[in-house]
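# Residue-level structure breakdown
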Amino acid sequence: MHKFDAQQILFSPTGTTRKILESIASGLAPETCTQLDLTYPGSGKSSLGARIEDGEIALIGMPVHAGRIPALAVERLRASVEGKGRKAVLVVVYGNRAYEDALLELRDLAVELGFVPVAAAAFVGEHSFSTTDLPVGHGRPDKIDLEKALSFGRSVREKMLEGGDGDGNTQMLEVPGNFPYREGVQPAPISPETDADTCVLCGDCVRSCPSNAITLTSDTVETDKMACLRCCACVRVCPTGARVMVHPRILELGRTLHEKFAERREPELFI
């Protein structure tokens, strides 16, 4: 394979997975690179495998929620993408705690959808429950992470150009994880809240929500707590700080994460 095109397929509510995937794509340096963003409803059916007959590679990036891929991301990936024998680079991004079964789950899902995994990686992003007072992976991915993502993309490119891309090789790409997978995030009446005194009803939280859990009326913001992914994208984008997580369970978990997982974790690569 001397030339190839690429498509980024991603689910990235807070933008960390997007940053990593785009840096990998820069290192991979394909002839062309398109992007299918599954973060929000109505992404549409991917043309992957139909638009380009040969030589296309998929870069599939997913966040890690409690050691698993978010169920909504899995649902959208299944509904939107067909591999049709195309090669894939698989990437999960976790909040400096652990990615547990997420990379194995993504590999199995990619195979189910008809992809041939040729490389994989686990990168670190700032944890969704990270705060100014109790940071967890603050500022990740940082410059070092993005440089490693770029280098990883270059390594995958070398493998592709050298012909070590899996043609005629039926050996499954090995990644860490256990099956049955651990239990992931379960629906619960927990979500960020809106401080009515500081909310300016701008609607940024509504637009940032991947599960359509937030609605804006003429005078208030309402949240369907059972639909909330607890990705905290709404907290990150709120311009006035009106969107906050105040649930005791999450606050305690945030404190535990800050205390037990302060040591910097580095990307893990599988080629």
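Everything below is about the structure printed above this text.
All values derive from a computational prediction rather than experimental measurement.

The subject of this paragraph is the overall build of the protein. When its secondary structure is counted, the protein shows 7 helices and 10 strands. Compactness check: the protein gives a C-alpha radius of gyration of 19 Å against a globular reference of 18 Å for 271 residues, within 12% of the reference. With respect to the principal axes defined by its C-alpha atoms, the protein has extents near 60 × 40 × 35 Å. For the protein, long-range pairs separated by at least 24 residues make up 82% of all intrachain contacts whose partners lie at least 6 apart in sequence. Of the roughly 12800 Å² of accessible surface on the protein, 50% is carried by carbon and sulfur atoms. Averaging the coordinates of the 30 positive side-chain charges in the protein and doing the same for the 37 negative ones gives two points 1 Å apart.

Ranked by internal contacts, the top residues of the largest apolar core, which has 34 residues, are Ile-9, Ile-60, Met-62, Leu-77 and Phe-115. Residue assignment for this core shows that the elements contributing at least two residues are strand 3 (56-63), helix 2 (71-80), strand 4 (87-94), helix 3 (102-112) and strand 5 (116-124). In terms of residues, this core owes the most to one element, helix 3, which gives 6 residues. Of all hydrophobic cores here, the second largest spans 21 residues; its members include Val-89, Val-91, Phe-152 and Met-160.

Moving on: the layout of surface pockets. Any empty space left between the atoms is revealed when a probe the size of a water molecule rolls over them. The space that makes up the largest pocket amounts to roughly 620 Å³. Along its surface, the largest pocket is lined by 33 residues, and His-65, Ala-66, His-127, Phe-129 and Val-185 are the ones closest to its centre. Of all the secondary-structure elements, those providing two or more residues to the lining of the largest pocket are helix 1 (16-28), strand 4 and helix 7 (248-260). At 4 residues, the largest contribution of residues to the lining of the largest pocket is made by helix 7. When the residues that make up the lining of the largest pocket are grouped by side-chain class, the tally is 17 nonpolar, 11 polar and 5 charged. Size it by volume and the second largest pocket reaches roughly 400 Å³. In terms of lining residues, the second largest pocket is bounded by 18 residues, among which Phe-129, Ser-130, Thr-131, Met-245 and Leu-251 are the most central. Where the lining of the second largest pocket is concerned, the elements lending two or more residues are helix 6 (233-237), strand 9 (243-244) and helix 7.

Now for empty space enclosed by the protein. Scanning the model with the defined rule gives 2 cavities of 30 Å³ or more in all. The volume enclosed by the largest cavity comes to roughly 110 Å³. In this structure, the largest cavity is lined by 15 residues; those nearest its centre are Cys-199, Cys-202, Cys-205, Cys-238 and Ala-242. Partitioned by chemical class, the residues of the lining of the largest cavity number 10 nonpolar, 3 polar and 2 charged.

Turning to the pairing of strand 5, a few remarks are in order. When you tally the buried positions in strand 5, you get 8 out of 9 residues, the bulk of the element. Handedness of the crossover joining strand 4 and strand 5 through helix 3: right-handed. Both strand 5 and strand 10 (residues 268-270) contribute to a ladder of 3 bridges, which runs antiparallel. Bridge assignment links Ala-122 to a residue of strand 10, and that residue is Glu-268.

Moving on, we get to unusual backbone geometry. Between Arg-140 and Pro-141 the backbone carries a cis peptide bond, its omega angle lying at 0 degrees. Inspection of the secondary structure assignment puts Pro-141 in the loop between strand 5 and helix 4 (143-161). Between Phe-179 and the following residue, Pro-180, the backbone shows a cis peptide bond with an omega angle of 0 degrees. Positive phi values are uncommon outside glycine, yet Lys-84 reaches one of about 55 degrees. Within the fold, Lys-84 resides in the loop between helix 2 and strand 4.

Attention now goes to the packing of aromatic side chains. Note on aromatic pairs: each is described by the distance of the centres and the angle between the planes. Under the criterion given, the structure shown has 3 aromatic pairs. Summarising the aromatic geometry, the rings of Tyr-94 and Tyr-99 are spaced 5.4 Å apart at their centres and angled 55 degrees between planes, so their arrangement reads as tilted. For Tyr-94, a relative accessible area of 4% gives the class buried.

Right, let's get into the pairing of strand 3. The element strand 3 is extensively covered by neighbouring structure, given that 8 of its 8 residues are classed as buried. Relative to strand 3, strand 1 (residues 5-10) runs parallel, the two being bridged by 6 bridges. Bridge pairing in strand 3 places Gln-7 opposite Ala-58. Bridge analysis of strand 3 against strand 4 gives 7 bridges, and the strand direction is parallel. Pairing of Ala-58 across the sheet is with Ala-88, part of strand 4.

What counts, and at which threshold
- Residue indices follow the written sequence of each chain, beginning from 1 at its first position.
- It should be noted that, the model being predicted, local features are given only for residues of pLDDT at least 70 and side-chain atom pairs only at 80 or more, the latter also being counted only at that level, while totals for whole chains, interfaces and linings use all residues.
- Only hydrogens and water are set aside; all other atoms, that is, all heavy atoms of the structure, feed into the side-chain values.
- Counting from the N terminus, the helices are the DSSP runs of H or I reaching at least four residues and the strands are the DSSP runs of E reaching at least two.
- Radius of gyration here is computed from C-alpha atoms only, and the compact-globule reference equals 2.2 Å multiplied by the residue count raised to the power 0.38.
- Two residues form a contact once any of their heavy atoms are found within 4.5 Å.
- Surface accessibility follows the Shrake-Rupley procedure with a 1.4 Å probe radius. Residue values consider only the protein chains on display as shielding.
- Under the counting rule used here, the positive set is Lys and Arg, the negative set is Asp and Glu, and His together with the chain ends is not counted.
- Charge positions come from single atoms, namely NZ of Lys, CZ of Arg, CG of Asp or CD of Glu.
- In this description, a nonpolar core means a group of buried Ala, Val, Leu, Ile, Met, Phe, Trp, Tyr and Cys residues linked to one another through side-chain atoms lying within 4.5 Å.
- Relative accessibility under 20% of the residue-type maximum defines a buried residue, over 50% an exposed one, and the middle range a partly exposed one, all with a 1.4 Å probe and only protein chains included.
- Cavity: a set of points on a 1 Å grid over the protein atoms alone where a 1.4 Å probe fits but cannot get out. Pocket: an open set with protein on both sides within 12 Å along at least five of seven lines, its lining residues, like those of a cavity, having an atom within 4 Å of a point.
- Grid points are joined across faces, edges and corners, and a volume is the space filled by probe spheres set on the points.
- Residues are grouped as follows: Ala, Val, Leu, Ile, Met, Phe, Trp, Tyr, Cys and Pro are nonpolar; Asp, Glu, Lys and Arg are charged; every other residue, Gly included, is polar.
- Handedness rule for crossovers: strands pointing away from the viewer, path from the first strand over the helix to the second running clockwise, crossover right-handed.
- What makes two strands pair is DSSP finding at least two bridges between them.
- The aromatic pairing rule takes the rings of Phe, Tyr and Trp, using the six-membered ring of Trp, and pairs them if the centres are within 6.5 Å, calling planes under 30 degrees apart stacked, those over 60 edge-to-face and the rest tilted.

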